[in-house]
Amino acid sequence: MDGAYSDREYSGHLWAVAVPVRDEQGIFATLNIMMPRSAASPESAQERFLDMLITNAN
């Protein structure tokens, strides 16, 4: 999630990461995780969840 968007819409309290879901014709969806910054930093959560998102998106 873009930091300016998070600041404007969620007062900077939320962050998100997303990966595309593709088929032969292109991107048709995304998988994402959105959570409060108080639950985990974006960096630590990306370490924990990004590989899982990528694996499940393929």
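The structure displayed is predicted, hence computed values, not measured ones. (Residues numbered from 1 in each chain as written. Predicted model: local features only at pLDDT ≥ 70, side-chain atom pairs only at ≥ 80, totals over all residues. Heavy atoms only, no water.)

Student: Honestly, helix H2 (residues 42-57) in this entry has me stumped. Any pointers?
Tutor: Because the α-helix completes a turn every 3.6 residues, residues three or four places apart line up on one side. The end-to-end C-alpha distance of H2, which contains 16 residues, comes to just 20 Å, noticeably less than the 22 Å that a straight helix rising 1.5 Å per residue would cover. In the structure, H2 departs most strongly from a straight axis at phenylalanine 49, where the bend amounts to approximately 45 degrees. Where H2 is buried, its residues contact strand E1 (14-23) and strand E2 (26-36). (Helix = DSSP H or I, 4+ residues; strand = E, 2+ residues; numbered from the N terminus. Expected span 1.5 Å × (residues − 1). Bend = angle between axes of the 7 residues up to and from the residue. Contact = heavy atoms within 4.5 Å.)

Student: Sorry if this is basic, but what is going on with the pairing of E1 here?
Tutor: Successive residues of a regular strand alternate their side chains across the two faces of the sheet. Pairing of E1 with E2, which is carried by ten bridges, proceeds in the antiparallel orientation. Paired with tryptophan 15 across the two strands is methionine 35, which belongs to E2. Count of turn residues in the E1/E2 antiparallel hairpin: two residues. (Pairing = 2+ DSSP bridges.)

Student: Hey, could you run me through the pattern of salt bridges in this one?
Tutor: Two side chains bearing opposite charge may form a pair once their charged atoms approach each other closely. Within the structure shown, the criterion is met by one salt bridge. A salt bridge links arginine 8 to glutamate 9; its shortest N-O distance comes to 3.2 Å. (Salt bridge = Lys/Arg side-chain N within 4 Å of Asp/Glu carboxyl O.)

Student: Looking at this structure, how should I read helix H1 (residues 3-10)?
Tutor: Sitting at the amino-terminal end of H1 is aspartate 2, which places a side-chain oxygen 3.1 Å from the backbone nitrogen of alanine 4. Serine 11 lies just past H1 and shows a positive phi near 55 degrees. (Polar contact = N/O pair within 3.5 Å; in protein donor to acceptor, adjacent residues only side chain to side chain.)

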